[in-house]
Amino acid sequence: MPDLKLLYEAVVNGDAKASLAITQQALAEGVDPLILVNEHMVPAMDEVGRRFEANEFFVPELLIAARAMKASLEVIRPLLIARGDKPAGRVAIGTVKGDLHDIGKNLVASLLEGGGFEVIDLGVNVTPEKFIETVNLKQANIIAMSALLTTTMPAMKSTIEALKSAGVRDRVKVLIGGAPITQKYADEIGADGYSENAVGAVALAKKAVAT
Ligand code: B12
């Protein structure tokens, strides 16, 4: 079994080659992919964020750490998706307008697929109009929005308002998440659910389609 502390270090140091190699070895030895993500890779990104705040890291370091995390997620993603069975609902997921962070959103998307949902991934910088179009044209019954910046959080509120103005708010459940989001904020803007992590997102989505 590889030393998984090295996975944490590989992500923090942006060593994509090492991150991928350790991930592949751990998976080959039967380590649960979610343990790799939740106990090693996500804490590594938190450390990267901490160093960025402390001016020890700058944007290039964030980028190479993200690249290392993505290299590992490429091999983990199919395994998470393979856990699912029949579609439980159709989710339109995206990172809100103005925001380019997609690692957390991609993880949520993979776990939702693994949880049996059909996922339409709209990518990053998604406008309210795009969400509405997906509800209308693709009959999505859940909208999942991600935001990582305090400055882009208000785009969640504008999207919910735009859904109301377009007359489709009652056709969808709206779930939100991302590092700066809280339950209090979700309540304030009238979202139907919030979770602080991707595993919780699946539970939320299941609850949303059951009600
Ligand atoms: C990697 C990173 C980047 C990368 C992103 C690469 C990519 N492809 O995503 C790059 C370099 C591009 C970047 C850019 C910037 N970043 Co940045 N970034 C980060 C960093 C280090 C990690 C984010 C991450 O991937 N975390 C790991 C994932 C797995 O966690 P997560 O996204 O939170 O997702 C989990 C949960 O939140 C939840 N979740 C997420 N979405 C959803 C959705 C739903 C529906 C649900 C239910 C749950 C859920 O589940 C996920 C899995 O468990 C964070 C620090 C941090 N710890 O958050 C800063 C951070 C978010 N960035 C920050 C900043 C300031 C920026 C820049 C403005 C920097 C600059 N000066 O240019 C730009 C903004 C660009 C833009 N317009 O978006 C700040 C934000 C501060 C603030 N309060 O707003 C942070 C917090 C760093 C810091 N501590 O200062 N960044």
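Residues numbered from 1 in each chain as written. Predicted model: local features only at pLDDT ≥ 70, side-chain atom pairs only at ≥ 80, totals over all residues. Heavy atoms only, no water.

(A) Expanded view of the coordination of the cobalt atom of the ligand. A lone protein donor binds the cobalt atom of the ligand: His 101 (NE2), at 2.3 Å. Mapped onto the fold, His 101 is located in the loop between β1 (90-95) and α5 (103-114). (Donors = N, O, S within 2.8 Å, 3.2 Å for Na, K, Ca; no water. Helix = DSSP H or I, 4+ residues; strand = E, 2+ residues; numbered from the N terminus.)

(B) Here's a closer look at the environment of Ala 28. Of note, Ala 28 is situated in helix α2 (residues 16-28). On a C-alpha basis, the gap between Ala 28 and Gly 104 in space is 24 Å, while along the polypeptide they are 76 residues apart.

(C) Examining the sheet that holds strand β2 (residues 118-121) more closely. Overall, parallel pairing links the five strands, which are arranged β2-β1-β3-β4-β5 in an open sheet. The outermost strands of the open sheet, each flanked by one partner alone, are β2 and β5 (193-194). Alignment of strand β3 (residues 142-146) against strand β4 (residues 173-177), held across five bridges, turns out to be parallel. Within β4, the residue paired with Ala 144 across the bridge is Leu 175. Lying over the sheet, α5 contacts β1, β2 and β3, oriented at roughly 170° with respect to β1. Those strands touched by helix α7 (residues 154-165) are β3 and β4, and its axis lies near 160° from that of β3. (Pairing = 2+ DSSP bridges. Contact = heavy atoms within 4.5 Å. Axes fitted to C-alpha atoms, helices over the stretch in contact; angles between N-to-C directions.)

Everything listed here is a matter of geometry and, on its own, says nothing about what the molecule does.
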